[in-house]
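Structure assessment
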Amino acid sequence: IMLSTAMGILCQAGMKQADMTPVMEDLMTRIDELTGKPTYYQMVMIEEKVSSLGGNNINPLDYKKAYTTTLDRMVLNRIDLLHMGKAKVEDYLVPGSLDFLKSLKDSGIKIYIATGSDEEPVKNELKELGALPFIENVKGAKDSDPGSDAKPAVIKGLIDELGAARGEIFTCGD
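Residues numbered from 1 in each chain as written. Predicted model: local features only at pLDDT ≥ 70, side-chain atom pairs only at ≥ 80, totals over all residues. Heavy atoms only, no water.

**Some points on the overall build of the chain**
- Check the secondary structure of the chain and you find 7 helices and 2 strands.
- Summarising its shape, the C-alpha atoms of the chain cover approximately 55 × 45 × 25 Å along the three principal directions.
- Per-residue burial over the chain gives 29% buried out of 174 residues.
- Restricting to contacts in the chain with at least 6 residues of sequence separation, those with at least 24 account for 56%.
- As displayed, the chain has an accessible area near 10,900 Å², and 54% of this comes from carbon and sulfur atoms. (Helix = DSSP H or I, 4+ residues; strand = E, 2+ residues; numbered from the N terminus. Buried < 20%, exposed > 50% of the residue type's maximum accessible area, 1.4 Å probe, protein only. Contact = heavy atoms within 4.5 Å. Areas by Shrake-Rupley, 256 points an atom, 1.4 Å probe, with all protein chains shown as cover.)

**A few points about the packing of helix α1 (residues 2–12) against helix α2 (residues 20–34)**
- The geometry of α1 relative to α2 is characterised by a closest axis approach of 10 Å and an angle of 140 degrees between their N-to-C directions. As judged from the angle between their axes, α1 and α2 are oblique. Here α1 and α2 pass one another in a crossing that is right-handed. Judged by residue contacts, Met 2, Leu 3, Ala 6, Met 7, Leu 10 and Cys 11 of α1 engage Met 20, Val 23, Met 24, Leu 27, Met 28 and Ile 31 from α2.
- A breakdown of the residues in the contact of α1 with α2 according to their chemical character gives 12 nonpolar, no polar and no charged. (Axes fitted to C-alpha atoms, helices over the stretch in contact; angles between N-to-C directions. Parallel < 35°, antiparallel > 145°, perpendicular 65-115°, else oblique. Left-handed = near helix turned anticlockwise from the far one by under 90°. Nonpolar A, V, L, I, M, F, W, Y, C, P; charged D, E, K, R; others polar.)

**Quick notes on the side chain of Lys 49**
- For Lys 49, the location among the structural elements is in helix α3 (residues 39–52).
- If we ignore the near neighbours within four places in the chain, the residues touching Lys 49 are Leu 10, Val 23, Asp 26, Leu 27 and Arg 30.

**Details of the pattern of salt bridges**
- Taken as a whole and assessed by the stated rule, the structure comprises 6 salt bridges.
- Taking the shortest distance from any N to any O, the salt bridge between Lys 123 and Glu 120 comes out at 3.7 Å. Here Lys 123 and its partner Glu 120 are both found in helix α6 (residues 119–128), 3 residues apart, which amounts to about one turn of the helix.
- On the accessibility criterion, Glu 120 (53% relative accessible area) is exposed. (Salt bridge = Lys/Arg side-chain N within 4 Å of Asp/Glu carboxyl O.)

**As for the packing of α1 against α3**
- Contact geometry for α1 and α3: axes closest at 10 Å, N-to-C directions at 30 degrees. One element, α1, and the other, α3, form an angle in the roughly parallel class. In terms of crossing hand, the pair formed by α1 and α3 is right-handed. Residues Met 2, Ala 6, Ile 9 and Leu 10 of α1 form the contact with α3, whose participating residues are Thr 39, Gln 42, Met 43, Ile 46, Lys 49 and Val 50.
- Classifying every residue of the contact of α1 with α3 by side-chain character gives 7 nonpolar, 2 polar and 1 charged.

**Quick notes on the nonpolar core**
- Ranked by size, the top nonpolar core spans 17 residues in total, and within it Leu 10, Leu 27 and Ile 46 carry the most contacts.
- At the level of elements, α1, α2, α3 and α4 (60–83) are the ones that each hand at least two residues to this core.
- With near-sequence residues (within four places) excluded, Leu 27 lies in contact with Leu 3, Ala 6, Met 7, Leu 10, Met 45 and Lys 49.
- Of all hydrophobic cores here, the second largest spans 8 residues; its members include Leu 101, Ile 111, Val 122 and Ile 135. (Core = buried A, V, L, I, M, F, W, Y, C linked by side-chain atoms within 4.5 Å.)

**Re the environment of Ser 51**
- As for its position among the elements, Ser 51 is in helix α3.
- The exposure class of Ser 51 is partly exposed, given its relative accessible area of 28%.
- It is 12 Å that separates the C-alpha atoms of Ser 51 and Gly 14, two residues lying 37 residues apart in sequence.

**Overview of the packing of aromatic side chains**
- Throughout the structure, instances matching the rule amount to 1 aromatic pair.
- Here the aromatic rings of Tyr 40 and Tyr 41 are separated by 5.7 Å at their centres, their planes lie at 75 degrees, and the arrangement is edge-to-face.
- Overall, the relative accessible area of 28% leaves Tyr 41 in the partly exposed class. (Phe/Tyr/Trp six-rings, centres within 6.5 Å; stacked < 30°, edge-to-face > 60°.)

These figures come from the coordinates and say nothing about function on their own.
Following this line, the structure appears as structure tokens:
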């Protein structure tokens, strides 16, 4: 979705079809480098690319809104497919993941999610997939202060909020 959003923005900025392949390869590399960072930083990268190709400067938060709208549409489409019976929850889950989350919760382990995405769509998707009951809380990126919402800052905030000591927290990525 990130690549298609970036390419759509570049096409709107007047990029020619013949120039797309090398730009797309560069964008794929840069998106990979920014994976795990807040979406805002990926949008800053797209804004820089658009500017370097002579496009109009647009606030990265406006790009983020376009990306989030596309992502939300995809998630809502999946949810619609679930509600219509045209897809099953299992189609969107790693096999055994709900059982694993349940066993962690049953063992007294609290699960928190730190995300570079906005919180509410993540919570909604977790709910629809049946995973939300196993999650203590979701903390994510916010538009108000993009620089402070990097995952390490979110994780540090959770640690401070919980009063957790070193060795009491385990983290993993997706």
